[in-house]
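A look at the structure
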Amino acid sequence: MTKVITRFAPSPTGTLHIGGVRTALFNYVYAKQNDGLFLVRIEDTDKDRSTKEFEKNILDSLSSIGLSPDKEPINQSERNDIYVAAAEKIIASGKGYWCDCSKETLDEMRKDQEAAGKKPMYDGRSRNLGLERSENTVLRLATPEDGEIVVKDLIRGEVMFQNSELDDLILLRSDGTPTYHLCNVVDDYEQNVSTVIRGEDHLSNTPRQIHIQNALGYPSLEYAHLPLVLGPDKKRLSKRHAATSLEEYKAEGYLDSAILNTLGRLGWSKGDQEVFYMKDLIKNFNIHEVQKAGAIFDITKLDWLNSQHLSNLNLEDFKNHLIPFLEEISIDINDHFNTDALINAMKSSSNTLQGIATELRPYFLDVENYDQKAISKFIDDKGMQILNDLLDILSKLTQWDENNLDHALKSYQTENNYSVPQVNQPIRIALTGSTKSPSLGLTLYLVGQKNSLDRLTKLINSLS
RNA sequence: GUCCCGUUCGUCUAGAGGCCUAGGACACCGGGUUUUCAUCCCGGCAACAGGGGUUCGACUCCCCUACGGGAUGCCA
């Protein structure tokens, strides 16, 4: 049995797209579970749209999320000779021909065909002209006119295409550069790729590429065409719908493992299991089980999975993941006197690391804004009285710990016959600006005595 | 237009002819726990696109229609 080699072949015309990550993931997992190799190839034959910046973004993004290739990525732009040699081979074999149709001619032909209700395609008019290569000729593949091509797809089974539906595609442009189809086929062969796992949008390209393989005498490949990742309107996911770049999701505080989990679970499932780590995917993923229909990318599922992955992190790892997000808002985690207690108390306060970092602000920085609704609801004259009373009580407290604080609050509340929220909410507002926080004794402890007293004073002053 | 692929709850999916009173998860709604928020627990809502076959029996097989997507580039 031949070694399984898969490849992810992005063109560097944009940052790494979340759909691309999924394609890369499936390629990666399929390779790993078959003890094979995962390769990356940069398809930068479009000089106008490809940039080095995008290429770097894609490569960095892939390795940052753990989908590193097993060999150094190759660039098609540096392999021109190889493609030209392949083209020469096709010319020599008589399976290609030169065509001098101008773009205008082609456009006109297409228009006529469309008007006649036909599929627009090159009609092969130059095929038997015996044209020589010249400045404005392109090399076309002489595609068989009869018969059919059967694409054996791991996900879709056998898909049949009539050769009569296919036109003679361009292999070499008039400037002599090779086109996508040629490069793609040649590189898959040169890189010993065994299995092509790519988006469904390439399914109808496949018979064309098989013809190139045949013309070149290459062995056939295994294919798997993945359903597309869609936006809520069922069109392929784009910037219109949501963030599409991997880096944006990472910047929002989604864990790599949660992103991969979400993407892996999009179009594939295993029993009732929802949480998968890479090792689970490698163990359980089965390409034959991949769904055929496109799947809508649902951010709420990502949110939930992120919270699951976050809660599976031990304290140390959690902290390390969180630190960059705190730094982002100029918070140094070491400025707190008990980070472990703080983080334990706050780790489920949001689904994302960025969200958690934001929730952590009051434990490092002064409160700038108060929830006005909460103030009007909880702080009336009696609320002011309570704030003043507690400022007094708390400033006299010698043992500033959770238990003591809870006791102090409780006895004040019962002695004065107040309800619990009546006492606690005003303090919460003073400490955090809102009514959201861990249990109050713990919150007071985490904010610290001096800060707590200062904030009580500040709120009292601002309201009197 | 033509070719190709597809169609189960709002979303991701389970379902390989009787196990389906169509299961799970997310979301949503309700309840409980929590002094608040979040977590957590319990409960609820909610789908086989439509029509024909085949069969004793169809979500499952076949055909048609509808709808969606993709491809139809000297882009990849």
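Within each chain, residues carry numbers counting from 1 in the order of the written sequence. Labels are handed out in written order, letters beginning with A for the chains and numbers beginning with 1 for the ligands. Confidence filtering applies because this is a predicted model: local features only for residues at pLDDT of at least 70, side-chain atom pairs given and counted only at 80 or more, and all residues used for totals across whole chains, interfaces and linings. Remark: hydrogens and water are excluded; side-chain values derive from all non-hydrogen atoms of the structure.

Brief notes about the packing of aromatic side chains
Applicable threshold: Here a pair means two rings of Phe, Tyr or Trp (six-membered ring of Trp) with centres within 6.5 Å. Their orientation is stacked below 30 degrees between planes, edge-to-face above 60, and tilted elsewhere. Buried residues are those whose accessible area, probed at 1.4 Å on protein chains only, stays under 20% of the maximum for their type, while exposed residues exceed 50% and partly exposed ones sit between those limits.
The full count for this structure, using the stated rule, is nine aromatic pairs. Where Tyr249 meets Tyr254, the ring centres are 6.0 Å apart and the plane angle is 50 degrees; that geometry is what we call tilted. Tyr249 sits in the buried class, given a relative accessible area of 1%. Among the aromatic residues, those joined into a ring-pair cluster are Phe26, Trp268, Phe276 and Phe285.

Remarks on helix α10 (residues 299–311)
Put simply, the rule reads: The numbering of helices and of strands both runs from the N terminus, where a helix is a DSSP run of H or I of at least 4 residues and a strand a run of E of at least 2. One fewer than the residue count of a helix, multiplied by 1.5 Å, yields its expected span. Whether two residues are in contact is decided by their heavy atoms: any pair within 4.5 Å suffices.
Under the 1.5 Å per step criterion, the end-to-end length of α10 is 18 Å for 13 residues, consistent within 8% with the ideal 18 Å. Looking at α10, one finds that the buried residues are Leu302, Asp303, Leu305, Asn306, Ser307, His309 and Leu310. Structurally, α10 contributes buried residues whose contacts are with α7 (246–251), α8 (256–264), α11 (315–328) and α13 (353–359).

Some thoughts on the side chain of Thr195
Put simply, the rule is: Under this definition, polar contacts are N or O atom pairs within 3.5 Å; protein pairs additionally need one hydrogen-donor-capable and one acceptor-capable atom, and for neighbouring residues in sequence, both atoms have to be side-chain atoms.
The topology assignment puts Thr195 in strand β9 (residues 195–199). Thr195 sits in the buried class, given a relative accessible area of 0%. At 2.8 Å, the side chain of Thr195 and the side chain of Glu222 are in polar contact.

Considerations on the side chain of Gln213
Residue position: Gln213 is located in helix α6 (residues 206–216). Here the side chain of Gln213 touches Tyr223 through a polar contact of 2.9 Å, side chain to side chain. Residue contacts for Gln213: discarding those within four places in its chain leaves Val185, Tyr218, Pro219, Ser220, Leu221 and Tyr223.

Digging into the protein's contact with RNA strand B
Our working definition: Any residue with at least one heavy atom within 4 Å of a molecule or strand is counted as near it.
Inspection of the region around RNA strand B gives 62 residues, with Arg173, Lys235, Ser348, Asn424 and Ser437 positioned closest. Restricting attention to atoms of RNA strand B within 4 Å of the protein, one finds that 73% of them are sugar or phosphate atoms. The contact in question runs from a phosphate oxygen of RNA strand B to an N or O atom on the side chain of Thr45, over 2.8 Å. Here a sugar or linking oxygen of RNA strand B sits 3.4 Å away from a polar atom, N or O, in the main chain of Thr300. No other element matches helix α17 (residues 420–432), which puts five residues into the surface near RNA strand B.

Considerations on the sheet that holds strand β4 (residues 96–99)
What counts, and what does not: In this scheme, strands are said to pair when DSSP sees at least two bridges between them. Note on geometry: axes are C-alpha line fits, over the in-contact stretch for helices, and angles between N-to-C directions span 0 to 180 degrees.
If you trace the three strands from one edge of the open sheet to the other, you get β4-β5-β8, paired in antiparallel fashion. For this open sheet the edge positions go to β4 and β8 (170–172), each flanked by a neighbour on one side alone. Averaged over neighbouring strand pairs, the angle between their axes works out to 45 degrees when direction is ignored. Note: strand β5 (residues 138–141) against β8, two bridges, orientation antiparallel. Each bridged residue has a counterpart across the sheet, and for Leu139 the counterpart in β8 is Leu172.

Considerations on the pairing of β5
Side chains Val138 and Arg140 project from β5 onto one buried face, and the interleaved Leu139 and Leu141 project onto a second face that is buried too. The pairing of β4 with β5 spans four bridges and is classified as antiparallel. Considered in β5, the bridge of Trp98 is made with Leu139.

Topic: the nonpolar core
In a soluble, globular protein the nonpolar side chains are often hidden away together inside. The condition that has to hold: Only buried residues count toward a nonpolar core, which is a set of Ala, Val, Leu, Ile, Met, Phe, Trp, Tyr and Cys residues joined through side-chain atoms within 4.5 Å.
Residues Leu67, Ile259, Leu322, Leu360, Ile427 and Leu444 are the most contacted members of the largest nonpolar core, which totals 95 residues. For this core, the leading source of residues is helix α1 (residues 18–33), giving nine residues. The contact partners of Ile427, leaving out residues within four places of it in the chain, are Leu387, Leu390, Leu409, Leu440, Leu444 and Leu456. Counting residues in each nonpolar core, the second largest holds 18 residues, with Leu141, Leu169, Leu171 and Ala215 among its members.

Focus on a negative patch on the surface
For the record, the criterion: Patch building starts from residues that exceed 30% relative accessible area and form no salt bridge, then joins like charges within 9 Å and nonpolar side chains (Val, Leu, Ile, Met, Phe, Trp, Tyr) within 5 Å. Note on areas: these come from Shrake-Rupley sampling with a 1.4 Å probe, and a residue is covered only by the protein chains present in the view. Any carboxyl oxygen of Asp or Glu within 4 Å of a side-chain nitrogen of Lys or Arg constitutes a salt bridge here. Here Asp and Glu are counted as negative and Lys and Arg as positive; His is not counted, and neither are the chain ends. Think of each charge as sitting on NZ of Lys, CZ of Arg, CG of Asp or CD of Glu.
Together, Glu327, Glu328, Asp332 and Asp335 make up a region of like negative charge exposed at the surface. By secondary structure assignment, the location of Glu327 is in helix α11. Given the relative accessible area of 52%, Glu327 is considered exposed.

With respect to the environment of Leu394
Take Leu394: it is sitting in helix α15 (residues 381–395). Separated by 51 residues in sequence, Leu394 and Tyr445 have C-alpha atoms that sit 11 Å apart.

Things to note about the pattern of salt bridges
Evaluated as defined, the whole model comprises 27 salt bridges. Here Asp46 makes a salt bridge to Arg49, at a shortest N to O gap of 3.1 Å. What makes Arg49 exposed here is its relative accessible area of 53%. One continuous salt-bridge network, built from bridges that share partners, spans Arg7, Arg41, Glu43, Arg79, Asp187 and Asp188.

As for the confidence of the model for chain A
Let me state the cut-off plainly: The pLDDT score gives, residue by residue, the confidence of the prediction method on a 0 to 100 scale.
Looking at chain A as a whole, the pLDDT averages 94, with 100% of positions reaching at least 70. Model confidence for the complex is summarised by a pTM of 0.95, with the ipTM given as 0.95.

Some words on the pairing of strand β1 (residues 5–8)
The line we're drawing: The definition of a right-handed crossover adopted here requires that, viewed with the strands pointing away, the path from the first strand over the helix to the second runs clockwise.
The alternating pattern of β1 places Ile5 and Arg7 and Thr6 and Phe8 on opposite faces, both of which are buried. Across four bridges, the pairing between β1 and strand β2 (residues 37–42) is parallel. Bridge pairing in β2 links Thr6 to Phe38. Of the crossover connections in this fold, the one passing from β1 over α1 to the parallel β2 is right-handed.

Side note on unusual backbone geometry
Residues apart from glycine generally show negative phi values, whereas peptide bonds are mostly found in trans. Phi angles above zero are rare outside glycine, and Asp35 is one such case at about 60 degrees. Tracing the chain through its elements places Asp35 in the loop between α1 and β2. Look at Asn417: it is not a glycine, yet its phi comes out positive at around 60 degrees. Relative to the helices and strands, Asn417 resides in the loop between α16 (402–415) and α17.

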